[in-house]
Structures are given as structure tokens and as C-alpha cells.
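A structural walkthrough
The primary structure of each chain is shown beneath.
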4 protein chains.
Amino acid sequence: MIIIMRDNISDKEIDFVVSKLKNVGLDVNVSRGVERTVIGAIGEENLADKEMLQSLPGVENVIRVMKPYKIVARSYHRTDTLVDIGGHKFGGEQLQVIAGPCSVETQPQMDAAAVAVVAAGCRLMRAGAFKPRTSPYTFQGAGVEGLQMFQQAAKPQRLPIVTELMDVRSIDAFMEHEVDAIQIGTRNMQNFDLLKEVGRIHKPVILKRGMSATVSEWLMSAEYIAAGGNHNIIFCERGVRSFETYYRNMLDVTAIPVLKRETHLPVIVDPSHAGGKAWMVPALAKAAVAAGADGLLIEMHPKPCDAWCDADQALTPEELATLMQQLDAVARAVGRTLL
Amino acid sequence: MIIIMRDNISDKEIDFVVSKLKNVGLDVNVSRGVERTVIGAIGEENLADKEMLQSLPGVENVIRVMKPYKIVARSYHRTDTLVDIGGHKFGGEQLQVIAGPCSVETQPQMDAAAVAVVAAGCRLMRAGAFKPRTSPYTFQGAGVEGLQMFQQAAKPQRLPIVTELMDVRSIDAFMEHEVDAIQIGTRNMQNFDLLKEVGRIHKPVILKRGMSATVSEWLMSAEYIAAGGNHNIIFCERGVRSFETYYRNMLDVTAIPVLKRETHLPVIVDPSHAGGKAWMVPALAKAAVAAGADGLLIEMHPKPCDAWCDADQALTPEELATLMQQLDAVARAVGRTLL
Amino acid sequence: MIIIMRDNISDKEIDFVVSKLKNVGLDVNVSRGVERTVIGAIGEENLADKEMLQSLPGVENVIRVMKPYKIVARSYHRTDTLVDIGGHKFGGEQLQVIAGPCSVETQPQMDAAAVAVVAAGCRLMRAGAFKPRTSPYTFQGAGVEGLQMFQQAAKPQRLPIVTELMDVRSIDAFMEHEVDAIQIGTRNMQNFDLLKEVGRIHKPVILKRGMSATVSEWLMSAEYIAAGGNHNIIFCERGVRSFETYYRNMLDVTAIPVLKRETHLPVIVDPSHAGGKAWMVPALAKAAVAAGADGLLIEMHPKPCDAWCDADQALTPEELATLMQQLDAVARAVGRTLL
Amino acid sequence: MIIIMRDNISDKEIDFVVSKLKNVGLDVNVSRGVERTVIGAIGEENLADKEMLQSLPGVENVIRVMKPYKIVARSYHRTDTLVDIGGHKFGGEQLQVIAGPCSVETQPQMDAAAVAVVAAGCRLMRAGAFKPRTSPYTFQGAGVEGLQMFQQAAKPQRLPIVTELMDVRSIDAFMEHEVDAIQIGTRNMQNFDLLKEVGRIHKPVILKRGMSATVSEWLMSAEYIAAGGNHNIIFCERGVRSFETYYRNMLDVTAIPVLKRETHLPVIVDPSHAGGKAWMVPALAKAAVAAGADGLLIEMHPKPCDAWCDADQALTPEELATLMQQLDAVARAVGRTLL
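Residues numbered from 1 in each chain as written. Chains lettered and ligands numbered in written order. Predicted model: local features only at pLDDT ≥ 70, side-chain atom pairs only at ≥ 80, totals over all residues.

The helix and strand inventory of chain A stands at eleven helices and 14 strands. When the 339 residues of chain A are sorted by exposure, 60% land in the buried category. Considering only residue pairs separated by 6 or more positions, chain A has 65% of its internal contacts joining residues 24 or more positions apart. (Helix = DSSP H or I, 4+ residues; strand = E, 2+ residues; numbered from the N terminus. Buried ≥ 20, exposed ≤ 12 C-beta atoms within 10 Å, placed from the backbone. Contact = placed C-beta atoms within 7 Å.)

Spelled out as C-alpha cells, the structure:
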């Protein structure tokens, strides 16, 4: 930890900071410059509280030297970690595409979707049974019954299923219906009680980035899950809020190489929620693969015009199949495989 | 609802949109301009799904004419609604300041804080027993024991207490310890299951704005609570995420007049979490009162340098007392009262 | 300057950084922590280039200790600087309001506006002769003829005039028509050639904040002007770009106390361009005064419904007069005066 | 244009809006809904001023139906426009990479850079002679002498040169030194006088996106150039300002497919300024190509550790050569070519 003091301060203020640091067991290095004094704290940074130090008289700024995340950090585990969902590995040479409709609507819709997912060459399926909707007056998801429909459609196709968990009280239902991977949505990235709960079970977790979360906050949310004992975490970039109104969110493609450097865990991208329009999905999906993503989460609906939510961002089965061929070419161009 | 069609489309596409609108019971007005056709849907907008319409072939854009919020809208209830917390009214001529430490630490700390809150002229107290912390390795709050310490300090001073609820499973403890108002924090503004639960009880709710929530999304989150039957909602602006790194969040002072126009419910401001530095609090608090806020939520700690969290943003008891005098003057300048 | 090295680096990389620092004449302090080595450079920071250091092998991060701005910094000049425009001082106890229409349209419009400015109690007038318009197909301003009309309206009322300069080639016209203060608009805050030119003359400059400029970048733009010899600079906060679409820009009220701490120069606020709606102006103007602004820049048009640009944000003469009374009350509540 | 009226308004307000529209020659369609009245204006939208309409009593919102840009719009010119810089075409099947150092430093540096540009397989060269620097105290560029050095290095390699124009007064020097394409930098995207000047000459213009410009504003800036008669415009995405501090700017990869849909002009990407770190460049460059960019602008310096500016974002000659091979593979995967 480095403490930069304001100018025109006295020894008393410097001594007070030094004593606070020594009290918690840190070694101290005081460097008096021409205009500023800089105090370096040597040892385990978590012993000192950054905000407490920042509140001390005469302190201008406090800078952490160490990253606040541990288990999820690449410095903790140098090689890439593979996360397995129902037998399919994320983080290796082969990319994975998880496809399916925004929400579980009816059994025929789910059956048709499952067939289309397989036909396009995808190996995992997504759909929402519990939906985080901005308005209390719109469709809130099929609930537990939706989980049942989902499995009934996916099992015959041998598709592992991925679905969003919004409430700690639904975990038992997720276990009972053998959900293969739990998605933590954007609005719950910092729902710390929910993160702690999924840290206690051993299902893989797909952790979406918060609406305007920094990469560091996102890593810390993963650290919550990891600290509970569950290291099967996959990051999912889905765009962040911006001033641009042409599309729904701004896909942060730079987050892909940044995460690959900072963490050993896999990184996937959701191009559908990022752009919010079906016609943007192919360009964004290809960009994600080219930038090094380990997989994608893509919305596909057997009949987009009849979808009950997010209709405008779903691909048709044919569009998904075409895109998979294109993505395979891009994957091969960057030394990976897809199909 | 207004549907703007792309240029160069055929009658077939227009007819398809029209049939979709008529199917759900809306009247239709087709206006063929020189370059674009615009379709107006007349009737209850919630009958049609904006995203479904947006996905139809030939549609360029869909615009809602009505506001998506109902119960919380000023058009639903023209006069200002007063929300009562422990006998003190928010939304009337008199402003309310809720003060106290970031978190419940010890009984002596809470006792000293309660005395200081009253001494400064504040009539309500805040402190966190359950803390949403970015890191799993930092102090997570005193929990249920914290609620007990809080009441033990506040009761003798006759201070109603306000504290944050993070988990649906803690509601019983909040009821048992007679929390006077429940705070929903920034990270839970779109935790819809939590919103539904506080909608079922009749405690006043202080709903903080999400990290980068639009005013419209914020009003919709309040609508979730109101739709459950609980209309005792107070909005709390606490700054939004921005590119500026000099301070923690950017206080959105414009949100105050905007909310006063859009909703009949009270609006308060948290200048402490907005700026993140104690020295910024007086300027921001005065700005909030001048802009029309109905109250403030201010961090004060008996000994900021010893605080266990957010130390750098807490005022001392003396600073709070001085600020209350200054705020009273600003309140009177805009036709309100404080002390 | 503090250089934080990556983990797992060799002495060779540390030595290389040290030699680069010594080469430019800086003293060096190497602190080897348990996990990271931190190198402190002692001396005049501008001797070393932050980006060059950041590019050296093994360097994780480089942090400046000193502020990059000098002349405009409060550490350079501890007491508040007063800037005089036509005999009226900015930065002292008395606040100044500069009012007038968005743009110079016709002589009768300007004459009526000048009368209304004085009637409301304002002592300076604003209007644009050269307009930065998003579209090449809209009214681009009355140009030099507009300067003439402006003076013809303002002189009889003894109103100093403030108007925007967009092009270095117009400076002679500004001198010739005796413009009292030059406004540098948002889109030109980092038009460095323009800043250098206004640094060479001795007219007061009102420097608006760039659309999404950090406070630090804004101070550096002022430093460009000051480095040329012109220290008569007034900062003008006018809102920054955000994700919120309810209003045009987000007024950054926190920038006021921040600037008052960082610089000795005056700070004013433009509530009209911030909100973009006339009905928001009173709340924002009062907030600005309460937060410590030294003045305001307010749009007023004799007949807003007939205005040629930004019609929706202009107050009527009556609204301006009423607002001035209200602002005077707020100013007095914070120990200042206005009327 | 569509005008949405507030609720509870009278016929008088509706009639006033209608009369304003008819006065400028527009046809009107009034649609009275259950709760709101919507007025449609039919005809050439530019006849009515959106802001004036917005200021009329009773008006809630005004929505444009037509795009404000004309010449640069794809609806104006359906097929892709090819822009030629020194014999190399942008916007066709073959991609172009413009490479070179941030700034012109010395003749040997430029000579070495030119050789490296060709060796890597690039066909155009970039370097800055006039530099927009945040601080007045840092290197401001070699100026006209720099243009000379640039040509002396580039001519023997037959490399067309691209360099930034910051000041209208430098245009003659740019013509004299036969600059092949003029770059308009981020800070000048809305320097309208500069845009008008480059609209009068017939050099190709590379128009960088403003720091936080919307796609629509960017297209309007291009419209300024086009309206002057110069249609040789190339858009260059270079990242936008965001809350994330890990990297310099957030590359907006979604802007690529959006621009390709909205305009017929070519789109390139600058991955170097976006990320701000050399190690991020390969991932971002590949993402841009995969998303459909027509080319790239990449910083390369013969000796990055000695560069005078932006040292940390420049590739070495070897890194550039390797990247070109990788980009060629990605280009082929999406049906384009590079080498």
C-alpha cells in the first residue's frame, strides 16, 4: 500500500499514519520528496483498510499495490482452468456455444428450440425460467414449471441446461431439476448473499457482468463465489451501459483480453443482450471469438416474432446454423475450434 | 405506441404490423409520409409488447407514448404523498435528515452516535447491520446482533431507525427488531424478488438508485414495491457511476426536479456515498436541499478515523451539527424548514 | 512518480527502470515488498515521461504524485483569484449571473433581451454570434454582423458582453467589436491551438467543460491558456454526457467543490445547457449557488417559442426575474450576495 | 416528426402546435388517444425545428422520423463507397492497415519506421507532426518540419502518408507537403470550422470518433465535410470514454456493424488508442476485422521504449509483422483479404 500525503503537512501527520500502519503489523518506508512525502506500507495489504487510511489527516491518496482478488487471480493459478458443464469444457482449445430462447414459454416451443440448438451444432442450451423484468406488469417467467419443461426438452437431445437463478430460495428447485450450470444475471452480480450461496454448492456458475461493473468489481464478485469453495466459475461479458442509444449496451470487447490476463477462469460473451438486435449478433459474436473468448451465449427462438420477451434479439434456427459455420471459420483463424 | 417503419418497405410488412396490433385489441392509425410510414397504436399500451413489435420485419423503431409506471406516477396521484417514518414525515414542508455511521460496530460506538445525531438536530438514525462489501475478505456487518445494538442505542433517544435489507431471509429479523424503515441499497435496486417481498409488508422503504440506473428504471423498481401494496416509498439519489475518478460517484442533482415532476413520492439524497469524501458532503448536501430534496441521508461517526468502513466519508459530530445549521438556512431560502 | 513492478520479475528489469530514471536526473528509492517491488522517483516529475516508463518491461503501473497543472493550481496561489469582466468581479462574495439568448437573431430581439437582462438584475449579457451546431443544415449564427447587433443592444444598457469563439481566425473580429469575455465552448475545450491563441491576449476567458472531460483534463486546458500568459480564466460547468436520456446532460455539481479546492480561479455553472429544459433551470441554478458556484450563465429569450435555437431551454424575462430573487435568497443562505 | 403531447391539455395547445407546423409547410395528422394526443408532421422534417417544437406549451416530446444525415447515409447511396488513399482502396474486399509511430521524432526514427511498415506488409503509413497533448508542457510535435521528415522517409518506400490536422491555418502546409490523407482527431470531431475547411479540399479525410460522441453525432460531423463537397471520408472508431480504468478507452466494436448499416462510407478502427497498451492491440485488432472493419490504424515504433509519446501502446516492428499474419487469417475467415 502506498500513501501519498498532501503538501504542506507536518511530521505529526506523517507519524500518525506510520503508527496506524505499524499497529496492524505492516513495515513502513517513508520517502520525503521535494514537494510530497510518500509512505510505503510493506506486508500483507489486507491488514490495512484503504478507506480508513484515506480518512486520516494529511492523506491525499492511498494506492493498493496488490490486486484485491486472490483465488480467481492468474497469479494464484498460472495455467488456464477448464470448467466443465455436463461434459463440455470451457477454457480449452474448443469453444462452446450455449444457445436457446430468452425464456421458457411452452413445451412445444422448448422442444423445437432444443432440436434447433443441436441442429446448429451447439452442445449446450439456455433458457430462462425465472426472468428479471424491468416492469412488474410483464411476464415474469414460467418458474419451477419452466425448469421442468426445459429438462423435458433438453434431456432427449442430451443438452446440458443453463438457466438464471435470481433468489436464494430457488436453489433447491435448481438442484432438484438438475440444472447443469447456474447463471447469475447482470442485476445480481453484486447480490452478495446470492453469491455466497452458489459458492457453497458445486454447480458451475456463469457470472454475468453488472450493468456498469468495473473488471475489478466483477473479479471480486467471482472471488465471493470462490471463497465459498466453488471454483467452477465462467465470466460472461454482456455489454455495459453507455451514452449510446443506437443499441442496448456497449459490448466491452477489451474485457476479454483483460480477463484472460487477470484470471485463469474461462470467459464467454453474450452478443444478444449486448446489442439487443438480432442483426448485430453475427458481427459481435465473431468479434468476441477473434478477441479470444472461450464461448458464447446466444439467443435463438424457433419463432422470434412470437417470443414472449426480448423478441428482437433472438436469431432464427437458420440464422444460428449459418452463424455457427462462420464462427467456426473465425475460431480456426485464431487457432481454436468450434464445431 | 408509435411504430416507425424502415424506408423501402412493402404493404405486406405494414399489414403484418397492423394485424399484430389489432390482434391484441389496439386501434390503428397508419400515416404514410413521403419517405416513411408511421403506425400509431391507440389504446392500452401494455397490451402490446414493444420488443415483439421491434422484431417484426420492416420495423425501424417502436416508441411508447405512455409512461410504463402507474402507481408511483404523478399522473396517478397529483398531490405530494407524505411518507411517515416513526412519526416524522417525508415530502412535506419540513425536511428530514437521517444520520449515523456507515455500520454498526460496537455498543459504545452506537450509543455515542445516537447522542450525536440528536445533538445535531436530526430526528432519525441510520447504520448498517448487513453490509454489501465489494470484497468477501472485509467486515460483512454485525448482522442480527447489530440490529439489537442499533435499537439499544436509538430507543433511549427516541430515534426511528433505518437500515439496509440485503436478503429476503432477513425480513423476519427486521420485523422482530422493529426496524422503522428498510433501505434497499444500490446493488439491489433491481433485485426483483427482494422488491416483491418489501412490497408485501407495510414498512416504509428507502429505495436507493442503482449504480447506473436510469430514472425510468428506478421508478419501475418502485412500481414493483407499490404493485405489491406498499406505497410507502422514498427515493434516495446517491450518485451514479461516471468516468470521473476524482470522487466516487457523480451526484445526479437533476434527478431531484425530474423525480418531483414524475412521481408524487418523496425524494432524498445521500451526499456521503455520492462524493465518498467527508469534505465534499456540505456542498453536496446544500445543493440537494436547494434543488428541492425532501431530506438527506448523511454518514456521521463518533470517531471517523476508527471507523470499520467508509471512514473517509463520515462527518464528525461537530461537523454534522455545523452542517445542520447551514442546511436550515438553505432550506428556509427555498421555502422549507429543517430544524 | 511511483513505479509498481509486476510480480515475478528479475533484478535486470528493476535496474533498467532505475537507470532510465537516473538518466533524466531523478533520485530513486527501491522498496522490495514480499510480492511486489515499488520504485519511487524523487524530484521534478515532469523530467520523466509516464507513458515511456509504462512501456518498460516488467512495469505494472506508474503513478504520478504531483498534479500535472501548475499555474492554475491552488497550491501555486493559495487565495481566491478574482476575474474582472467589464468591471464585475467573479470569485468574490458577490455572485454574477450572465444572461441572454442562445443566439443573436435580430436587432429587436437583442434589444428586448438586453432590457430584460437588466430588468432581472443581471449585470452581464451572453448571446452567440458563432454557433456550434450538430447539423450543417441548421442556422450557423449571425457571425460578425451578430457581434455588431450584440454590442448595439448591450452598450446602451452598459452590459459587458460574453460570446463564444470557435475559430482562431475570428479573434481579430472579437477584439474589434470589443467582446468583454471570450467563451470557449464544450466542443473546443481541447482545441489546443485555440487555447494557445486566447492565452496570448488578455481578455477574460470562460472555459466550458468538455462533453466528457475529467476535472483534471479541464484544469490542463486552463493551464494551456495560463501558460500563454492569460490568467483571467473562469471555469464553467455545463453538465457531462451520461446514460440518462431524460435530460440533455448530467450537471456535475460535485465538480464545484472539487474545483474550488484544486484551483484559485472562479467557477460558474450553466444550468440551461445542462438540463436542456427551461423548467429544470431554477432547481439546477439554486443547487449550483448552494454548492459554492461563483456565478451562472443562463439562457433567457424575449420570446422562447420564436427562438432560432435551443428554444426549449430558454427562460422568459419574467421567469428570469423571479429566479434572480430566489437565487439571491440562496446566495445569502450560504454567505454570499447576488442582487 | 411526431409530437407527443402531455396529458390533460386543451385543444388550444394542440391547435398552437398544428399552426406552427402548417406555417412551415408541413401536413399534419392529429391522433387523439385515450390518454395522450399525438401529432404527426408529414413532409420534409428539416422545415421544423425540433427544439422550438419542444418548447411549445403542452408538448411532452418530439421525435424525428427521418435521419438527420443525408449525403453520408446509406439510404442516399445504397452500395459501398470506396475511398482511395494513394492508390489503395478502403471499403472493398481488401483491408488496409495504416501503421507507424505516434509522432514524428527524428529522420532515422522515421526511416526505420517506414522500412518496418513495408516489411510487415502494410501499404500506408501514419505519424503525427502536430500533436494534441493534454499538457502544454509536453512535446507538441515536430510541426511542418515533421511533415518533411515524414515524406522523406515514406516516399522511397512509396507509402502514402496519413497525419493529423489540428488547425485550419496548417492546411496549406498539408497541401504543399502532399499529405495523402488528413486525419481529424477525436478532440476535433466537432470542430465545425475545421470540418468545413476539409470539406472544401479533395483529400481523403479519416474522421476519428469524438471522446464520447454518439454514432449519430459522428455521422453528422461527416455530413459537415460531405456538405462542403468532399465525399472521401473514412470513419475511424478509437474507443470511447467509460468508467473502466483498466484501459484507456472502451473500444466500441458494435459501432462497426452499426456504421456499415447507416453509411456507405468505409469504417476503420484504431486499436492502439482504444486500449492504450501494446499487449491489448492484437486482440482488439482481430475483433475489429472479425466485426467487419475495412481497415486498421496501428501504432508501431522502431524502439517503443524510446518513443517520445504514447510509448506504451506502440508495437515493435516484429510484433506488427506477426500481427499482420494473424489478421490476414481472420480477414479470410470473414471473406476478406489483407496481405
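Moving on to the relation of the copies chain D and chain A. Between chain D and chain A, which share one sequence, the superposing operator has a rotation angle of 180 degrees and an axial displacement of 0.0 Å; the RMSD is 0.0 Å. Expressed as a symmetry operation, the mapping of one chain copy onto the other fits a two-fold axis. If distances are taken from each C-alpha of chain D to the rotation axis, the shortest is found for alanine 287 of chain D, at 2.0 Å. In this assembly the copies share their binding face: 100% of the residues contributing to the interface of chain D also contribute to that of chain A. (Least-squares fit on C-alpha atoms with pLDDT ≥ 70 in both.)

Between chain D and chain A, the contact holds 33 residues from the first and 33 residues from the second. Secondary structure elements with two or more residues in the side of chain D that touches chain A: helix H8 (255-262), helix H9 (271-275), helix H10 (281-290) and helix H11 (317-333) of chain D. The dominant element in the side of chain D that touches chain A, judged by the number of residues it contributes, is H10 of chain D, at six residues. Residue composition of the side of chain D that touches chain A, grouped by class: 22 nonpolar, seven polar and four charged. (Nonpolar A, V, L, I, M, F, W, Y, C, P; charged D, E, K, R; others polar.)

Okay, the sheet that holds strand E8 (residues 124-126) of chain A next. Residue and element names in this part refer to chain A. Spatially, the eight strands close up into a barrel ordered E7-E8-E9-E10-E11-E12-E13-E14, and their pairing is parallel. Neighbour to neighbour, the strand axes of the sheet diverge by 25 degrees on average, direction disregarded. Along the sheet face, helix H7 (residues 215-227) touches strand E11 (205-208) and strand E12 (233-237) and points at about 155 degrees away from the line of E12. (Pairing = 2+ DSSP bridges. Axes fitted to C-alpha atoms, helices over the stretch in contact; angles between N-to-C directions.)

Paired through backbone hydrogen bonds, the strands of a sheet run either parallel or antiparallel to each other. Residue and element names in this part refer to chain D. Pairing is antiparallel across the open sheet formed by four strands, whose spatial order is E2-E3-E1-E4. Looking along the sheet, the strands with just one partner apiece sit at the ends: strand E2 (27-32) and strand E4 (59-63). Geometrically, the sheet is characterised by an average inter-axis angle of 20 degrees between neighbouring strands, direction not taken into account. Bridge count between E2 and strand E3 (residues 37-42): six bridges; the pairing is antiparallel. The residue of E3 that forms the bridge with serine 31 is valine 38.

The next point concerns helix H1 (residues 11-23) of chain C. The terminal C-alpha atoms of H1 of chain C lie 18 Å apart, and with 13 residues this matches the ideal 18 Å at 1.5 Å per residue to within 8%. Among the residues trailing H1 of chain C, glycine 25 of chain C stands out with phi positive, at a value near 95 degrees. (Expected span 1.5 Å × (residues − 1).)

Residues and elements named next belong to chain B. The residue glutamine 94 is located in the loop between strand E6 (88-90) and strand E7 (96-100) in this model. The exposure class assigned to glutamine 94 is partly exposed, which follows from the 16 C-beta atoms found within 10 Å. Between the alpha carbons of glutamine 94 and asparagine 230 there is a distance of 23 Å; along the sequence they are 136 residues apart.

Packed helix pairs are characterised by how far apart their axes lie and by the angle those axes make with each other. Residues and elements named next belong to chain C. As a packed pair, helix H3 (residues 107-120) and helix H11 (residues 317-333) sit with axes 9 Å apart at the nearest point and diverge in direction by 20 degrees. Taken together, H3 and H11 sit at an angle that is classed as roughly parallel. As for the relative orientation of H3 and H11, their crossing is right-handed in sense. Together, Ala116, Ala119 and Ala120 of H3 and Pro317, Leu320, Ala321 and Met324 of H11 make up the contact between the two elements. Per-class residue counts for the contact of H3 with H11 are seven nonpolar, no polar and no charged. (Parallel < 35°, antiparallel > 145°, perpendicular 65-115°, else oblique. Left-handed = near helix turned anticlockwise from the far one by under 90°.)

Moving on, we get to the confidence of the model for chain A. Mean pLDDT for chain A: 94, with 100% of residues reaching 70 or above. Model confidence for the complex: the whole-complex pTM is 0.96, and ipTM, which rates the interface, is 0.95. (pLDDT = per-residue confidence, 0-100.)

On to the interface of chain A and chain C. Contact with chain A, which involves 21 residues of that partner, is made by 21 residues of chain C. Elements represented by at least two residues in the side of chain A that touches chain C include exactly strand E1 (2-5), strand E2 (27-32) and strand E3 (37-42) of chain A. Residue composition of the side of chain A that touches chain C, by class: nine nonpolar, eight polar and four charged.

Before going further, it helps to examine the domain arrangement of chain A. What the domain assignment lists for chain A is domain 1 (2-63) and domain 2 (83-333). The centre of domain 1 of chain A, based on its C-alpha atoms, is set 44 Å off from the matching centre of domain 2 of chain A. (Domains from an automatic or database assignment.)

Note that glutamate 217 of chain B resides in helix H7 (residues 215-227). Distance from glutamate 217 of chain B to glutamine 190 of chain B, taken between C-alpha atoms, is 8.5 Å for residues 27 residues apart in sequence. What glutamate 217 of chain B contacts, discounting residues up to four positions off in sequence, is Thr134 of chain A together with Gly210 of chain B.

We note that arginine 158 of chain B has phi near 55 degrees; this positive angle belongs to a residue other than glycine. Position of arginine 158 of chain B among the secondary structure elements: in the loop between helix H4 (144-154) and strand E9 (161-164).

A few words on H3 of chain C. Within an α-helix, residues lying three or four positions from one another point in the same direction, as the helix has 3.6 residues per turn. Its 14 residues give H3 of chain C an end-to-end C-alpha distance of 20 Å, which sits within 8% of 20 Å, the value for a rise of 1.5 Å per residue. The inward-facing, buried residues of H3 of chain C abut strand E7 (96-100), strand E8 (124-126), helix H4 (144-154) and H11 of chain C.

Look at helix H10 (residues 281-290) of chain B against helix H10 (residues 281-290) of chain C: their axes get within 7 Å of each other, and the N-to-C directions meet at 155 degrees. One element, H10 of chain B, and the other, H10 of chain C, form an angle in the roughly antiparallel class. The way H10 of chain B lies across H10 of chain C gives a crossing that is right-handed. Across the interface between the two elements, Lys286, Ala287, Val289 and Ala290 of chain B from H10 of chain B touch Lys286, Ala287, Val289 and Ala290 of chain C from H10 of chain C.

Let us look at the environment of valine 83 of chain A. Residues and elements named next belong to chain A. Relative to the elements of secondary structure, valine 83 occurs in strand E5 (residues 83-85). The spacing of valine 83 and alanine 321 is 238 residues in sequence and 25 Å in space, taken between C-alpha atoms. When neighbours within four sequence positions are excluded, valine 83 is seen to be in contact with Phe90, Gly91, Pro204, Asn232, Ile233, Ile234, Leu265 and Pro266.

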